[in-house]
There are 2 protein chains.
Amino acid sequence: MKTISENTCFGGTQGVYSHTSTVCNCDMTFAVYLPPQAKSGPVPVLWYLSGLTCTHENAMTKAALQEHAARRGMAVVYPDTSPRGEGVADDEDYALGQGAGFYVNATQAPWAAHFQMYDYVLTELRELVMAQFPLADSHGITGHSMGGHGALTLALNNPDKFASVSAFAPIANPTASDWGRVQLAAYLGEDETAWQAHDATVLINAKGWSRDVLIDQGTSDQFLELLKPEALSAALASARIPGVFRMQPGYDHSYYFVSTFAGDHVDWHADRAG
Amino acid sequence: MKTISENTCFGGTQGVYSHTSTVCNCDMTFAVYLPPQAKSGPVPVLWYLSGLTCTHENAMTKAALQEHAARRGMAVVYPDTSPRGEGVADDEDYALGQGAGFYVNATQAPWAAHFQMYDYVLTELRELVMAQFPLADSHGITGHSMGGHGALTLALNNPDKFASVSAFAPIANPTASDWGRVQLAAYLGEDETAWQAHDATVLINAKGWSRDVLIDQGTSDQFLELLKPEALSAALASARIPGVFRMQPGYDHSYYFVSTFAGDHVDWHADRAG
């Protein structure tokens with residue numbers, strides 16, 4: 001693991017690191033915020049998965065999570081949104097390929113050689129950060145847009161690996177959206193049964209969720225037709241899940257929305273950390 | 001005035017606007033954050049002046065002032081750091097010309113035709129925002145690096161126009177720094193007597209300051225030799241000014257430093273708003 005930068009922030013350290021990923025078969029960059037409490041012992045972890053076109057950097061500079069993570073003594077890990085580099089497949093569509101991994105393990109050419117973001121986040125990067133930083137084995141997960149989709153689907157599929165889950169404006173029903181169908185077909189193939197495990201609404205409808213969940217969604221989000229919050233909201237209510245689904249008046253899809261509610265999400269995860 | 005964008009943020013509105021500046025003789029872009037309290041009446045204003053290479057945008061996305069401005073009911077105005085555009089003079093040095101106005105009125109060619117940032121911030125933009133937004137006639141001013149220099153010198157020269165002043169890692173003694181001597185010579189000419197009014201340390205030594213001041217400076221700032229905090233710190237103490245000068249351990253020159261102390265600065269100004 002190489003250190004790219006470290007900046008003191010709210011009494012802790014905002015760092016950027018790179019390493020060679022075996023799973024993604026390329027170098028990967030990620031960011032970690034360690035709160036001041038990490039100086040005296042292991043702290044629980046909040047995973048923040050970013051959206052389309054983002055890198056590890058967008059949330060680290062604009063989501064304002066650090067203030068709240070320092071207040072509550074949580075680390076934040078910000079993975080990249082896809083493998084990258086010259087040998088890595090890409091597409092002209094901003095929503096496919098580099099910057100758009102969708103947090104799945106691709107099975108189809110040319111993507112399968114590198115696009116293994118599900119295993120990367122769930123296993124390889126987790127093991128790396130647990131070994132390199134003073135982290136307790138307690139993990140919450142959240143994310144924005146495509147990253148909200150990733151947070152929900154990783155948690156729903158792996159309840160033993162995450163103590164808590166939340167999302168900001170997630171792609172809530174990708175198997176029914178142009179933000180999803182194109183990518184799931186490309187990465188997983190045309191057989192839609194392989195897509196089911198990567199759709200939060202489908203997962204909730206199929207098997208429920210034994211814990212609670214926090215979702216924030218802006219009413220003025222310019223991508224509501226693609227995000228389909230109503231599908232997830234209905235699924236959560238139908239499954240009688242003790243969730244909090246907030247339609248936030250006037251907010252759009254930007255980081256001005258994410259930063260506004262960052263404190264609530266950090267509190268949500270800190271309150272549920274094991 | 002044209003609206004470029006408006007995003008809901010912490011219950012208020014983060015907007016970006018442009019207008020044709022008479023003083024700078026070109027179109028100028030600026031940002032305004034209106035807190036939720038502005039919906040029911042005029043709110044006091046905090047001016048945030050940015051540093052070298054910045055636009056109106058850096059602080060608006062990375063300084064995290066909005067949360068605190070919403071909590072305290074203050075507007076924030078983020079001017080650009082210089083005139084810009086095709087007809088506007090520039091230089092290969094990032095610290096001279098576009099992005100580096102230094103908050104002075106240039107008297108020398110080729111700068112004088114556009115580089116009038118002192119009058120622009122102090123008068124033209126103030127009149128515009130007062131006319132266009134629900135703002136009370138109560139102004140605090142702060143800034144970062146070159147913008148900290150601007151905040152201090154504008155306030156020290158115009159105590160009737162600002163109720164409060166603070167700065168993050170200001171260029172504290174530009175007449176003795178390579179961040180200052182080059183620019184003051186270019187904009188104001190070789191006669192150094194014209195530079196005196198644009199150096200916070202010189203101003204404090206010459207005429208003191210009848211109010212208090214808050215300065216934050218990171219001990220790990222990579223530009224300490226250029227910023228010269230010791231000169232300003234000594235001047236404030238010598239003049240017996242009831243200021244708070246904080247050397248913050250481990251912090252560098254980045255927005256991770258600014259955002260960490262943004263809440264303290266907003267509180268400082270809100271507590272002193274008329």
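This is a predicted model, so every value here is computed, not measured. (Residues numbered from 1 in each chain as written. Chains lettered and ligands numbered in written order. Predicted model: local features only at pLDDT ≥ 70, side-chain atom pairs only at ≥ 80, totals over all residues. Heavy atoms only, no water.)

1. Some points on the interface of chain A and chain B
Moving on, step 1. On the chain B side, the residues contacting the 22 residues of chain A number 22 residues.
Moving on, step 2. Taken together, both faces of the contact between chain A and chain B bury some 1,700 Å²; the carbon and sulfur share is 52%.
Moving on, step 3. Among the residues of chain A in contact with chain B, Thr8(A), Phe10(A) and Tyr256(A) are the three that bury the most area, contributing 38% of the side total.
Moving on, step 4. For the interface between chain A and chain B, the tally reads zero salt bridges.
Moving on, step 5. There are 10 residue pairs in polar contact (both at pLDDT 80 or more) connecting chain A and chain B.
Moving on, step 6. For the side of chain A that touches chain B, the secondary-structure elements that each account for two or more residues are strand E1 (2–9), helix H1 (57–62), helix H2 (65–72) and helix H9 (255–272) of chain A. (Contact = heavy atoms within 4.5 Å. Buried area = accessible area lost by both parts, 1.4 Å probe. Salt bridge = Lys/Arg side-chain N within 4 Å of Asp/Glu carboxyl O. Polar contact = N/O pair within 3.5 Å; in protein donor to acceptor, adjacent residues only side chain to side chain. Helix = DSSP H or I, 4+ residues; strand = E, 2+ residues; numbered from the N terminus.)

2. Remarks on the relation of the copies chain A and chain B
Moving on, step 1. With an axial shift of 0.0 Å and an RMSD of 0.0 Å, the rotation relating chain A to chain B amounts to 180 degrees. The superposition operator between the copies reduces to a two-fold rotation axis. Minimal C-alpha distance to the rotation axis in chain A is attained by Lys62(A), lying at 2.7 Å.
Moving on, step 2. Most of the interface of chain A is mirrored in chain B: 100% of its interface residues are interface residues there too. (Least-squares fit on C-alpha atoms with pLDDT ≥ 70 in both.)

3. Description of the pairing of strand E8 (residues 214–218) of chain A
All names here are of chain A.
Moving on, step 1. Burial runs high along E8: five of the five residues are buried.
Moving on, step 2. Going residue by residue along E8, you find Leu 214, Asp 216 and Gly 218 tucked away on one face and Ile 215 and Gln 217 tucked away on the opposite face as well.
Moving on, step 3. Where strand E7 (residues 164–168) lies against E8, three bridges are found, and the strand directions are parallel. When the bridges of E8 are listed, Phe 168 appears paired with Asp 216.
Moving on, step 4. Note that E8 and strand E9 (residues 244–248) share five bridges and pair parallel. When the sheet's bridge partners are listed, Ile 215 is paired in E9 with Phe 245. (Buried < 20%, exposed > 50% of the residue type's maximum accessible area, 1.4 Å probe, protein only. Pairing = 2+ DSSP bridges.)

4. Regarding the UniProt feature "active site" (unreviewed entry) in chain A
Residues and elements named next belong to chain A.
Moving on, step 1. Taking the UniProt record as the reference, the feature "active site" (unreviewed entry) is found at Ser 145, Asp 221 and His 253. A maximum C-alpha distance of 10.7 Å places the annotated residues, which cover 109 residues in sequence, within one compact spot.
Moving on, step 2. Judged by its relative accessible area of 3%, Ser 145 falls in the buried class.
Moving on, step 3. Discounting chain neighbours no more than four positions away, the residues touching Ser 145 are Gly 51, Phe 168, Ala 169, Pro 170, Ile 171, Trp 179, Leu 227 and His 253.
Moving on, step 4. Structurally, Asp 221 can be placed in the loop between E8 and helix H7 (224–227).
Moving on, step 5. The buried category is assigned to Asp 221, whose relative accessible area is 5%.
Moving on, step 6. Leave out the neighbours within four places in its chain, and Asp 221 touches Ala 169, Leu 227, Tyr 251, Asp 252 and His 253.
Moving on, step 7. One polar contact links the side chain of Asp 221 to the main-chain amide nitrogen of Phe 223, over a distance of 2.8 Å. (UniProt positions renumbered as here; feature names shortened; annotations may be inferred.)

5. With respect to helix H3 (residues 117–132) of chain B
Residues and elements named next belong to chain B.
Moving on, step 1. Taking the largest bend as the criterion, H3 deviates by roughly 35 degrees, centred on Leu 125.
Moving on, step 2. Within H3, the full set of buried residues consists of Met 117, Tyr 118, Tyr 120, Val 121, Leu 122, Glu 124, Leu 125, Arg 126, Leu 128 and Val 129.
Moving on, step 3. The secondary structure elements touched by the buried residues of H3 are strand E2 (12–21), strand E3 (26–34), strand E4 (43–49), strand E5 (75–79), strand E6 (135–143) and helix H4 (146–157). (Bend = angle between axes of the 7 residues up to and from the residue.)

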